[in-house]
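Residue strings, one per chain:
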Amino acid sequence: MKCPHCHNDEVPAEAAFCPFCGQKIEKPAKSQRPVQKLIVTTIGPASLKPNNWLFDKINLSVGENQLDLVRYPALLKGFKARNPENIVGVDMQYFEPRPFFWGKELFDGFSNLTSLNLEGLRGSRLKSVDRMFYGCHSLETVDLSPLDTSDITFDTLGSFNAMFAECHSLRRLDLSTFDTSRGSSFISMFNNCSSLEDIDLSSWNTERARSFLAMFANCSSLRSLDLSSFRTPKCREAKAMFANCTNLEHINMSGIDFSNCIYSNGLENMFKGCASLKSVCLLGCNERTINLVTQSLQFHCPSAQIIR
């Protein structure tokens with residue numbers, strides 16, 4: 001090996017001192033594998049059970065719990081919680097990425113969750129996201145950039161159903177990194193996100209989407225929606241899509257296609273309770289789509305202007 005002092009490269013590998021200059025040779029520290037752990041903070045009794053695990057649940061004590069993922073490797077593929085309302089923080093930054101991860105119902109019912117770090121999921125492909133954050137009433141913000149949703153069709157047929165439903169405190173969502181190209185169902189995806197003020201869906205690919213049932217229902221803080229990037233040739237229903245969006249004033253649906261919806265009731269109650277709606281833009285839409293949207297508007301929001 002080479003001496004770091006005199007730079008002679010004929011020093012024996014096992015030498016503690018250089019035989020040429022006499023200086024001590026410090027051996028480089030062995031690289032250590034990063035600690036793998038899941039940190040869960042609780043305010044009451046709770047437990048976790050890894051998906052597809054036959055053994056007993058993992059009990060959590062009140063306070064911070066650091067779960068060794070070498071001891072519990074099954075957690076790396078997904079888990080469910082018992083008494084999820086007692087969990088207030090989840091830190092997944094020390095996860096080691098796996099080829100895939102099951103996100104279905106992962107944080108379902110974590111009603112008091114206020115702190116969430118998903119960084120450790122970066123590099124893993126989500127296989128399911130149904131109800132992933134359902135009922136996270138107290139969660140105000142979350143960084144979703146680590147999530148890879150390009151391969152969720154494995155067992156859910158491309159379903160994003162109720163992914164953020166009942167997240168009452170979320171104000172903004174950055175979904176610009178979401179890959180929805182395989183998504184076929186968006187039922188109640190944002191239902192009752194009553195504090196949601198802004199959402200950017202401009203990068204979404206919805207060409208496989210078949211249902212938008214109640215997708216934005218009860219989003220009472222939304223004032224405008226731009227869905228002009230939506231291309232929906234396979235859509236079969238969009239019932240109650242904007243129902244009870246009481247402060248929604250403008251919707252841009254330029255280019256959207258509802259012509260394959262099942263009869264006229266495919267858009268039933270689409271604008272129910274949208275008392276503040278002023279305009280709906282349908283530029284570039286086909287005649288059947290315009291007619292179906294017009295019928296629904298006339299029933300619930302007769303004063304709203306149609307831009308075509």
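Here the structure is shown first, and the text comes after it.
Attention here is on the structure that accompanies the text.

1. Focus on helix H2 (residues 287-300)
Inference 1: When the terminal C-alpha atoms of H2 are compared, their 20 Å separation across 14 residues agrees well with the 20 Å that a helix rising 1.5 Å per residue should span.
Inference 2: On its buried face, H2 is in contact with strand E14 (279-281) and strand E15 (305-307).

2. A word on the sheet that holds E15
Inference 1: Spatially, E12-E13-E14-E15 is the arrangement adopted by the 4 strands of the open sheet, whose pairing is parallel. The sheet is open, and its two edges are formed by strand E12 (224-226) and E15, each paired on a single side. Each adjacent strand pair in this sheet contributes to an overall mean axis angle of 10 degrees, direction not counted.
Inference 2: As paired strands, E14 and E15 are joined by 3 bridges and run parallel to one another. Bridged to Ser279 within E15 is Gln305.

3. Side note on the pattern of salt bridges
Inference 1: With the rule as written, the count across this model stands at 9 salt bridges.
Inference 2: The salt bridge involving Lys127 is made with Asp151; its shortest N-O contact spans 2.6 Å. Of this pair, Lys127 sits in strand E9 (residues 125-128) while Asp151 sits in the loop between E9 and helix H1 (153-156); the two residues are 24 residues apart in sequence, bridging distant segments of the chain. In terms of burial, Lys127 and Asp151 fall into one category: buried.
Inference 3: Arg172 is the salt-bridge partner of Glu197, the closest N and O atoms lying 3.6 Å from each other. Of the two residues, Glu197 sits in the loop between strand E10 (172-174) and strand E11 (198-200) while Arg172 sits in strand E10, which places them 25 residues apart along the sequence.

4. Quick look at the nonpolar core
Inference 1: If you look at the biggest cluster of nonpolar residues, it comprises 84 residues, and the most contacted ones within it are Phe133, Phe164, Phe190, Phe216, Phe242, Met253 and Phe271.
Inference 2: Those elements that provide at least two residues to this core are strand E1 (37-42), strand E2 (46-50), strand E3 (58-60), strand E6 (87-91) and H2.
Inference 3: A per-element tally of this core places H2 first, with 4 residues.
Inference 4: Ignoring sequence-local partners within four residues, the contact set of Phe271 consists of Phe242, Ile251, Met253, Leu277, Val280, Val293, Ser296, Leu297, His300 and Cys301.
Inference 5: Counting residues in hydrophobic clusters, the runner-up holds 5 residues, among them Cys3, Val11, Cys18 and Ile25.

5. Section: the sheet that holds E1
Inference 1: Pairing is mixed across the open sheet formed by 4 strands, whose spatial order is E4-E1-E6-E8. Looking at the sheet topology across the chains shown, the edges are occupied by strand E4 (63-68) and strand E8 (115-117). The sheet shows a mean angle of 20 degrees between the axes of neighbouring strands, taken without regard to direction.

Rules used throughout
- Residues numbered from 1 in each chain as written.
- Predicted model: local features only at pLDDT ≥ 70, side-chain atom pairs only at ≥ 80, totals over all residues.
- Heavy atoms only, no water.
- Helix = DSSP H or I, 4+ residues; strand = E, 2+ residues; numbered from the N terminus.
- Expected span 1.5 Å × (residues − 1).
- Contact = heavy atoms within 4.5 Å.
- Pairing = 2+ DSSP bridges.
- Axes fitted to C-alpha atoms, helices over the stretch in contact; angles between N-to-C directions.
- Salt bridge = Lys/Arg side-chain N within 4 Å of Asp/Glu carboxyl O.
- Buried < 20%, exposed > 50% of the residue type's maximum accessible area, 1.4 Å probe, protein only.
- Core = buried A, V, L, I, M, F, W, Y, C linked by side-chain atoms within 4.5 Å.

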